[in-house]
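# Coordinates in review
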Amino acid sequence: LIVDDLIDTAGTLTEATNALLGAGVVEVHACCSHPVLSGPAHDRIMESPLKSVIATNSIPLQGKLKENKKIKVLSIAPLLGEAILRIHSESSVSSLFE
């Protein structure tokens, strides 16, 4: 599992995937907080041996990225809603991340 804060053009991600597979890893999945996914990202992910990329919806997918079967998007709405509620009630937000 490759974990990153963001994926932009997916160049580093696909190179890391190939390096891991070259070292004997059987399957590679990736996840990120922010799917920038610009330029050649869609094609690189589709043509790579990556099994899946899981991202949040902090940045909405555009165009053909929405149809990319390797990319799964998880909503951060419940987390943001709870953070807003805790701020409003003057409760701890940091405890959300413990």
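What this report covers is the structure whose coordinates are included nearby. Not measured: the values here are computed from a predicted model. (Residues numbered from 1 in each chain as written. Predicted model: local features only at pLDDT ≥ 70, side-chain atom pairs only at ≥ 80, totals over all residues. Heavy atoms only, no water.)

## Some words on the sheet that holds strand S1 (residues 2–7)
Sheet strands pair by backbone hydrogen bonding; their relative direction is either parallel or antiparallel. Judged by pairing direction, the sheet is parallel, and its four strands sit side by side in the order S1-S2-S3-S4 without closing on themselves. Pairing within the sheet leaves two strands with one partner each, and these edge strands are S1 and strand S4 (71–74). Looking at each pair of strands side by side, their axes are set apart by 25° on average, direction ignored. Docked against the sheet, helix H1 (residues 11–22) engages S1, strand S2 (29–35) and strand S3 (52–56), running at close to 170° with respect to S1. (Pairing = 2+ DSSP bridges. Helix = DSSP H or I, 4+ residues; strand = E, 2+ residues; numbered from the N terminus. Axes fitted to C-alpha atoms, helices over the stretch in contact; angles between N-to-C directions. Contact = heavy atoms within 4.5 Å.)

## Here's the deal with the pattern of salt bridges
Scanning all chains against the criterion turns up two salt bridges. When the shortest N-O distance is used, the salt bridge between Asp43 and Lys64 registers 3.6 Å. Note that Asp43 is positioned in helix H2 (residues 41–47) and Lys64 in the loop between S3 and S4, a separation of 21 residues in sequence. You can call Asp43 partly exposed: its relative accessible area is 35%. (Salt bridge = Lys/Arg side-chain N within 4 Å of Asp/Glu carboxyl O. Buried < 20%, exposed > 50% of the residue type's maximum accessible area, 1.4 Å probe, protein only.)

## So, unusual backbone geometry
Phi at Ala10 takes a positive value of approximately 70°, unusual for a residue other than glycine. Considering the arrangement of structural elements, one finds Ala10 in the loop between S1 and H1. Relative accessible area serves as the criterion here: at 4%, Ala10 is assigned to the buried category. For Glu90, which is not glycine, the phi dihedral falls at a positive 55°. With respect to the element layout, Glu90 can be found in the segment after helix H3 (77–88).

## With respect to the side chain of Thr17
Along the chain, Thr17 falls in helix H1. Among the residues examined, Thr17 registers a relative accessible area of 0% and is labelled buried.

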